[in-house]
Amino acid sequence: MDVKIYDKLAKKYDLATKIVSFGIEELWRWMFVKEIEKHIKNGVLIDVASATGEMAIALDFDEMYLIEPSREMNLIAKGKFNGKWKMENGKWILEGSKKIIIIEDTAENFRLEKKADLVTAFMALRNFDDLAKGVENIKNHIKPGGYFAIVEMVKSDSFLAKLILLYMNKIVPLIAGVMLGMKKEYKLLGKSIDSLDEEDILKSLKGFSIVKKQKLIFPIATLIIAKRDD
Ligand SMILES: C[S@@+](CC[C@H](N)C(=O)[O-])C[C@H]1O[C@@H](n2cnc3c(N)ncnc32)[C@H](O)[C@@H]1O
């Protein structure tokens, strides 16, 4: 995905997402967090495609690594955490009560010494340029027995899903055009929504066992919790 679109969107991302999704994305996030908490409540978290940092805020683990290639998104995320930030070896490090590190990189390319108890990818996978490479890199950053938790929009044949896609492809760009002057960009984002099959995601999860898979309300979003095999 062209990160320049997200750079341009960053300052209005949170508000625009709430408006165009009628708050549904927040509901999905809430359901995601509730499901994750059944399996794991704290430890080392890596959130990929972290955008404005909302997943880190929602999960609130003691040690969190945010991986996000858009500089503008990272600047918004930084502003949401209390404490002083310092830049070290290309990473933003928070000097506060929690350990939070922001790394400007992609899912495919980031490198960390740390292994995670949990990696989250909320509305993230369809943005990867190379899904298999991204998931392989993520796997290499998860402890054996650790979790990879995903929410993603996927193709669906249901009537409701088709209606939602129509709304995303035709109406949302119009709203975004008026609200943000970003009609073209939202058209592109809309196109990416039905670019992934659930099967593609499941196939990419080599070396994981699926512990939970469910459609969220509104059937174009799917939630997957996978556990890294030993
Ligand atoms: C829909 S937003 C993610 C939302 C976010 N996870 C949340 O919890 O609100 C998609 C993000 O993916 C990022 N992105 C684009 N290409 C990426 C890649 N190859 N690896 C990781 N993130 C990428 C974009 O910059 C953008 O911030």
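Predicted model, so just to flag it, every value in this text is computed and none were measured. (Residues numbered from 1 in each chain as written. Predicted model: local features only at pLDDT ≥ 70, side-chain atom pairs only at ≥ 80, totals over all residues. Heavy atoms only, no water.)

Participant: How do you make sense of the nonpolar core when you look at a structure like this?
Facilitator: Across soluble globular proteins, nonpolar side chains have a tendency to be buried as a group. The biggest cluster of nonpolar side chains holds 52 residues, and the ones touching the most others in it are Trp28, Leu118 and Tyr186. No other element matches helix α7 (residues 159-180), which puts eight residues into this core. In this structure, Trp28 is in contact with Phe122, Met123, Met153, Leu216, Ile217, Phe218, Ile220 and Ala221, ignoring residues within four places of it in sequence. In this structure, Ala124, Phe148, Val154 and Ala226 belong to the second largest nonpolar core, which totals 30 residues. (Core = buried A, V, L, I, M, F, W, Y, C linked by side-chain atoms within 4.5 Å. Buried < 20%, exposed > 50% of the residue type's maximum accessible area, 1.4 Å probe, protein only. Helix = DSSP H or I, 4+ residues; strand = E, 2+ residues; numbered from the N terminus. Contact = heavy atoms within 4.5 Å.)

Participant: Please explain a positive patch on the surface as it appears in this structure.
Facilitator: A contiguous patch of positive charge, built from Lys170, Lys183, Lys187 and Lys191, is present on the exposed surface. With three residues, helix α8 (residues 183-193) is the largest single contributor of residues to the positive patch. Within the secondary structure layout, Lys183 lies in helix α8. The class for Lys183 is partly exposed, based on a relative accessible area of 40%. (Patch = residues over 30% accessible without salt bridge, like charges linked within 9 Å, V, L, I, M, F, W, Y side chains within 5 Å. Areas by Shrake-Rupley, 256 points an atom, 1.4 Å probe, with all protein chains shown as cover. Salt bridge = Lys/Arg side-chain N within 4 Å of Asp/Glu carboxyl O. Lys, Arg positive; Asp, Glu negative; His and termini not counted. Charge placed at Lys NZ, Arg CZ, Asp CG, Glu CD.)

Participant: I would appreciate a short explanation of the environment of Ala149 in the present structure.
Facilitator: Counting through the fold element by element, Ala149 comes out in strand β7 (residues 142-153). It is 25 Å that separates the C-alpha atoms of Ala149 and Gly79, two residues lying 70 residues apart in sequence. Ala149 has contacts with Phe32, Ile36, Leu118, Val119, Thr120, Ala121, Ile224 and Ile225, leaving out every residue within four places of it along the chain.

Participant: Teacher, can you tell me more about the site of the ligand here?
Facilitator: The full set close to the ligand counts 17 residues, and Arg29, Ala49, Glu68, Ala107 and Phe122 are the nearest of them. At a separation of 2.7 Å, a nitrogen atom of the ligand approaches a polar backbone atom of Ala49. Between the ligand and the protein, one listed contact pairs an oxygen atom with a side-chain N or O atom of Glu68 at 2.6 Å. Here the ligand has 600 Å² of accessible area as a free molecule, and 99% of this is covered by the chains. Looking at the shell around the ligand residue by residue, the classes come out as 11 nonpolar, three polar and three charged. (Near = heavy atom within 4 Å. Polar contact = N/O pair within 3.5 Å; in protein donor to acceptor, adjacent residues only side chain to side chain. Nonpolar A, V, L, I, M, F, W, Y, C, P; charged D, E, K, R; others polar.)

Participant: In this structure, what is going on with helix α5 (residues 71-78)? I would like to understand it.
Facilitator: It helps to recall that an α-helix has 3.6 residues per turn; residues three or four apart then point in one direction. Of the residues making up α5, those classed as buried are Met73, Asn74, Ala77 and Lys78. Each buried residue of α5 lies within a common arc of 140° when the element is viewed along its axis, so the set occupies one face. Along its buried surface, α5 packs onto α1 (3-9), α2 (13-20), β2 (63-67), β3 (84-88), β4 (91-95) and β5 (99-103). (Arc of directions from axis to C-beta.)

Participant: Please clarify how a nonpolar patch on the surface should be interpreted in this entry.
Facilitator: Taken together, Leu27, Trp30, Phe159, Leu160, Leu163, Leu166, Ile217 and Phe218 make up a surface patch of nonpolar side chains, about 800 Å² in accessible area. Per-element accounting of the nonpolar patch gives the leading share, four residues, to α7. Within the secondary structure layout, Ile217 lies in the loop between β8 (208-215) and β9 (221-228). For Ile217, a relative accessible area of 42% gives the class partly exposed.

Participant: Sorry if this is basic, but what is going on with unusual backbone geometry here?
Facilitator: The phi torsion of most residues other than glycine is negative, and most of the peptide bonds are trans. In this structure, Ala49 is a non-glycine residue whose phi angle is positive, near 55°. For Ala49, the position within the fold is in the loop between β1 (44-48) and α4 (54-59).

Participant: I'm lost on the pairing of strand β6 (residues 116-122) in this one. Help?
Facilitator: Consecutive residues of a regular strand have side chains that alternate between opposite faces of the sheet. Of all seven residues that make up β6, seven are buried, and the element is covered over most of its length. Bridging between β1 and β6 involves three bridges; their strand directions are parallel. When the bridges of β6 are listed, Ile46 appears paired with Val119. On the question of chirality, the crossover connecting β6 to the parallel β7 by way of helix α6 (residues 131-140) is right-handed. (Pairing = 2+ DSSP bridges. Right-handed = clockwise from strand over helix to strand, strands pointing away.)

Participant: Sorry, what's going on with α7 here?
Facilitator: Between its first and last C-alpha, α7 extends 30 Å over 22 residues, near the 32 Å set by a 1.5 Å rise per residue. Residues Ala161, Ile164, Leu165, Tyr167, Met168, Val172, Pro173, Ala176 and Leu180 constitute the buried set of α7. Buried residues belonging to α7 abut α1, α2, β7 and α8. Of the residues flanking the end of α7, it is Gly181, one or two places downstream, whose phi is positive at about 65°. (Expected span 1.5 Å × (residues − 1).)

Scope: geometric values only; no functional claims are made or implied.
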